[in-house]
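A structural walkthrough
Letter by letter, the chains look like this.
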Amino acid sequence: MPFIGSPGPTELLIVGAIALLLFGKRLPEVARNLGKSVSELKKGMSGFQEEINRAGDTPRTPALPEQDDDEPFEDLAASKYEPAPEEADEPQTTA
């Protein structure tokens, strides 16, 4: 039993006859160009697949900025809270 969807010998003969009627003497040239197109498509797809594989192999972590040894290290996790100036401790009187 043939696979469902695969053309049998009768279908292939019908497609060949239609192609012969449509293209006539140019059929070998059309087949050659079709073969070249298919091979170019395969080359393009393999290049595309290689590009996808190469992109998947590279890490996607962002690059950290360069740290100069002369500059002091700034702790980014440290609190930026600074206490209020001493002058604010004095009670204000209202008139």
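Note that the structure is a prediction, hence the values are computed from the model and not measured. Within each chain, residue numbers correspond to sequence positions counted from 1 in written order. A pLDDT threshold of at least 70 governs which residues receive local features in this predicted model, and a stricter bar of 80 or more applies before side-chain atom pairs are shown or counted, although totals over entire chains, interfaces and linings include all residues. Hydrogens and water are ignored here; the side-chain numbers use all heavy atoms of the structure.

Strands are runs of DSSP state E lasting at least two residues, helices are runs of H or I lasting at least four, and both sets are numbered from the N terminus onward. If you tally the helices and strands in the protein chain, you get two helices and zero strands. Sorting the 95 residues of the protein chain into buried and exposed places 1% on the buried side. Only protein chains enter the accessibility calculation, which uses a 1.4 Å probe. A residue is then buried if its area is under 20% of the maximum for its type, exposed if over 50%, and partly exposed in between.

What follows deals with the pattern of salt bridges. A pair is scored as a salt bridge if a Lys or Arg side-chain nitrogen falls within 4 Å of a carboxyl oxygen belonging to Asp or Glu. What the rule picks out here adds up to two salt bridges. A salt bridge links K43 to E40; the nearest nitrogen and oxygen atoms lie 3.9 Å apart. With K43 and E40 both in helix α2 (residues 27–57) and three residues apart, the pair spans about one turn of that helix. We note that K43, like E40, is exposed. Measuring nitrogen to oxygen at the nearest pair gives 3.1 Å for the salt bridge that ties E51 to R54. Here E51 pairs with R54, and both are found in helix α2, just three residues apart, close to one helical turn.

The end-to-end C-alpha distance of helix α1 (residues 9–23) is 21 Å, a good match for the 21 Å that 15 residues give at a rise of 1.5 Å each. At the exit of α1 stands G24, carrying a positive phi of roughly 55 degrees. Helix span, expected: 1.5 Å multiplied by one less than the number of residues in the helix.

Only residues whose relative accessible area exceeds 30% and that form no salt bridge are eligible for patches; like-charged ones are grouped when within 9 Å, while nonpolar side chains (Val, Leu, Ile, Met, Phe, Trp, Tyr) are grouped when within 5 Å. Here the accessible surface of atoms and residues is derived via Shrake-Rupley with a 1.4 Å probe, and residues count as covered only by protein chains that are part of the display. A cluster of nonpolar side chains, I14, I18, L22 and F23, forms an exposed patch at the surface whose accessible area comes to about 390 Å². With respect to the helices and strands, I18 occurs in helix α1. A relative accessible area of 45% means that I18 is categorised as partly exposed.

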